[in-house]
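The residues making up each chain are set out below.
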Amino acid sequence: MKVNSRSILTAGALATSAALLLAGCAGGSSDNASDDTASTLTVWVDAERVDALKDAAAAYTDKTGVKVELVSKDNADIKDDFIQQVPTGKGPDITMGAHDWLGELSTNGVVAPLELGDSAADYLPVAIDAATYEGTVYMLPYAVENIAVLRNADLVPEAATSFDDMIAKGTAAGLDQPFVVEQGAEGNPYHLYPFQTAFGAPVFGSNDEGYDPTDLQIGNAGGEQFAAWLASQGKNGTGVFNTDIDGAIAKQNFIDGKSAFWLTGPWNVGAAIDAGINVAIDTVPSPTAEPAQPFAGVKGFFVSSESKNKVAANDFLVNYLGTEDVQLALFESGNVLPALSAAAESASSDPIIEGFAAVGAEAVPMPAIPAMGAVWQYWGIAHAEVINGADPAATWQKLAADVQAAIQ
């Protein structure tokens, strides 16, 4: 089952239209969009991105007379502080955050809908899908992050056409371990999810409002097929997957030229390039005829449900932070693919970014629904057990049963 981005996008557009009516036409130009009483917008942002927002904040103040106060916050505290302070009236008007916070923020009632209007079409579809929760858009997206396969192009000049082709190409290059991906004793389902999706086994099904927590798909027939394949690539099979390989070992193997392919994220590209590796970015080679879809993580900005300046906050986000210049400034501060399509295209002049963008086009948002919290605690353990020789069908059905029980 492939997540239907178009249906989610349509639902988001309908929902944001409703939000527009409720908010008293919150969208529109900055000429008349500031609240009558707004004098200051307070924006929480991490330290690395304060400078990228300064010009946009100054431009907004010049245009509207509303001061924008950028408050540097520690990434480790920003979500919990937002949840705790918004109900007291002491929180900011806007905070930076990640899309997978949405379920928790919504459950706590601390975020307000966002009106993107026609500009929704200017963003990468996966970014809008991720910004949408239960059919309503809550986040102005600015960056999209996903894993991809890093290839040592000096060892293997051409991209693999399938999982088996990847292993064959690496073996032909004389490598005992052609491919690495971090696992560890408790598994790592985030990194193995592309292979699971290739067997038609998403975690949850989806409907017009996004992921459906009542439609658990992980234990479907495709899930059992994935588990059987994973077992065949584990300890009692080819040995391609190994729980002794953690992130550090996987990195060292690739940097040392012991492995030609490494499934990882953009955060590890710098280390490989610094080590002198000729890096190419490839899509995740699929073990089936279906695409291997990784999770996408999307970063953005939320408006507080208790903000007295929601119209101004919406205007600042949509019409100032949603511009190509600001999205590129944010890209330069973090080197993560911009969410705005025009900015993503500009950033893709870098072949590394272009490669991750191509993989991201097949990515699906990581579920932000609270039910996802019941999945992680069982999922990785099941992967590790299957890799280490446990019965794949029985282990996978126990995983599905444990998750279902935890959700109810």
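Because the structure is predicted, anything quoted here is derived from the model rather than measured.

Trainee: Tell me about the side chain of threonine 395, residues and numbers included.
Mentor: Here threonine 395 is to be found in helix H16 (residues 392-407). Its relative accessible area of 10% is what places threonine 395 among the buried residues. In contact with threonine 395, other than residues within four places in its own chain, are Ala382, Glu385, Val386 and Ala390.

Trainee: Describe the pairing of strand E12 (residues 261-264), with residues and values.
Mentor: Here E12 shows two buried faces, one formed by Phe261 and Leu263 and the other by Trp262 and Thr264. Two elements, strand E8 (residues 148-152) and E12, share four bridges in a ladder whose sense is antiparallel. Its bridge partner lying in E12, arginine 151 is registered against phenylalanine 261. Of the strand pairs in this sheet, strand E9 (residues 179-181) and E12 are connected by three bridges, and their pairing is parallel. Counted as the bridge partner of valine 181 is leucine 263 from E12.

Trainee: Before we move on, could you go through the packing of helix H2 (residues 50-64) against helix H12 (residues 324-334) and cite the residues and values that matter?
Mentor: Closest axis-to-axis distance for the H2/H12 pair is 8 Å, and the angle between their directions is 165°. With respect to each other, H2 and H12 are oriented roughly antiparallel. For the crossing formed where H2 meets H12, the hand is right-handed. Facing Ala52, Leu53 and Ala56 of H2, the residues of H12 in contact are Val326, Ala329, Leu330 and Ser333. The class makeup of the residues in the contact of H2 with H12 is six nonpolar, one polar and no charged.

Trainee: Which residues make up H2, and what values do they have?
Mentor: The periodicity of an α-helix, 3.6 residues per turn, causes residues three or four places apart in sequence to face the same way. Counted at 1.5 Å a residue, the expected span for H2 with its 15 residues is 21 Å, and the 21 Å between its end C-alpha atoms agrees. Of the positions making up H2, those classed as buried are Val50, Ala52, Leu53, Ala56, Ala57 and Tyr60. Elements in contact with the buried residues of H2: strand E1 (40-46), strand E2 (67-73), strand E14 (295-304), helix H11 (310-321) and H12. Backbone geometry just after H2 places glycine 65 at a positive phi near 85°.

Trainee: Could you give an account of the sheet that holds E9, with specific residues and numbers?
Mentor: Within the open sheet, the four strands sit side by side as E9-E12-E8-E13. Their pairing is mixed. The sheet is open, and its two borders are formed by E9 and strand E13 (279-282), each paired with just one other strand. On average, adjacent strands in this sheet sit at an angle of 25° to one another, irrespective of strand direction.

Trainee: Just give me the short version of the pattern of salt bridges, but keep the residues and values in it.
Mentor: Under the criterion given, the structure shown has eight salt bridges. Between aspartate 282 and arginine 151 there is a salt bridge, and its shortest N-O distance comes to 2.6 Å. Separated by 131 residues along the polypeptide, aspartate 282 in strand E13 and arginine 151 in strand E8 bring together distant segments of the chain. For the residue pair aspartate 282 and arginine 151, the accessibility class agrees, reading buried in each case. When salt bridges that share partners are traced, they join Asp46, Glu48 and Arg49 into one network.

Trainee: Can you tell me about the environment of valine 298, naming the residues and giving the values?
Mentor: The topology assignment puts valine 298 in strand E14. Owing to a relative accessible area of 1%, valine 298 belongs among the buried residues under this scheme. Spatially, the C-alpha atom of valine 298 lies 8.4 Å from that of valine 126, the residues being 172 residues apart in sequence. With residues near it in sequence (within four places) discarded, valine 298 still touches Ala98, His99, Val126, Ala127, Ala130, Met139, Pro141, Ala143 and Val144.

Trainee: Go over the environment of glutamine 397, please, and point to the residues and values.
Mentor: Looking at the element boundaries, glutamine 397 is found in helix H16. Sequence separation of glutamine 397 and proline 287 is 110 residues, and the distance between their C-alpha atoms is 21 Å. Other than its neighbours up to four places away in sequence, glutamine 397 contacts Gly219 and Glu224.

Trainee: Lay out the pairing of strand E10 (residues 204-207) in plain terms, naming residues and giving numbers.
Mentor: With three bridges joining them, E10 and strand E11 (residues 210-216) adopt antiparallel strand pairing. Opposite phenylalanine 204, over in E11, you have leucine 216 as the bridge partner. In this antiparallel pair of consecutive strands, E10 and E11, the connection spans two residues.

Trainee: Describe in detail the packing of aromatic side chains, supporting the description with residues and values.
Mentor: Centre distance and the angle of the planes are the two values used to describe a pair of aromatic rings. By the definition in use, this model includes 25 aromatic pairs. Ring centres 5.4 Å apart and planes at 40° place the aromatic pair tyrosine 142 and phenylalanine 301 in the tilted group. You can see tyrosine 142 sitting in strand E7 (residues 139-146) and its partner phenylalanine 301 sitting in strand E14, a full 159 residues away along the chain. The two residues tyrosine 142 and phenylalanine 301 agree in class, both being buried. The rings of Phe163, Phe179, Phe195, Phe199, Phe226, Trp229, Phe241 and Trp396 are connected pair by pair, giving a single aromatic cluster. Lying over the aromatic face of tryptophan 44, lysine 73 brings its terminal NZ or CZ to 4.2 Å of the ring centre.

Cut-offs used in this document
Residues numbered from 1 in each chain as written. Predicted model: local features only at pLDDT ≥ 70, side-chain atom pairs only at ≥ 80, totals over all residues. Heavy atoms only, no water. Helix = DSSP H or I, 4+ residues; strand = E, 2+ residues; numbered from the N terminus. Buried < 20%, exposed > 50% of the residue type's maximum accessible area, 1.4 Å probe, protein only. Contact = heavy atoms within 4.5 Å. Pairing = 2+ DSSP bridges. Axes fitted to C-alpha atoms, helices over the stretch in contact; angles between N-to-C directions. Parallel < 35°, antiparallel > 145°, perpendicular 65-115°, else oblique. Left-handed = near helix turned anticlockwise from the far one by under 90°. Nonpolar A, V, L, I, M, F, W, Y, C, P; charged D, E, K, R; others polar. Expected span 1.5 Å × (residues − 1). Salt bridge = Lys/Arg side-chain N within 4 Å of Asp/Glu carboxyl O. Phe/Tyr/Trp six-rings, centres within 6.5 Å; stacked < 30°, edge-to-face > 60°. Lys NZ or Arg CZ within 6 Å of the ring centre and 35° of its normal.

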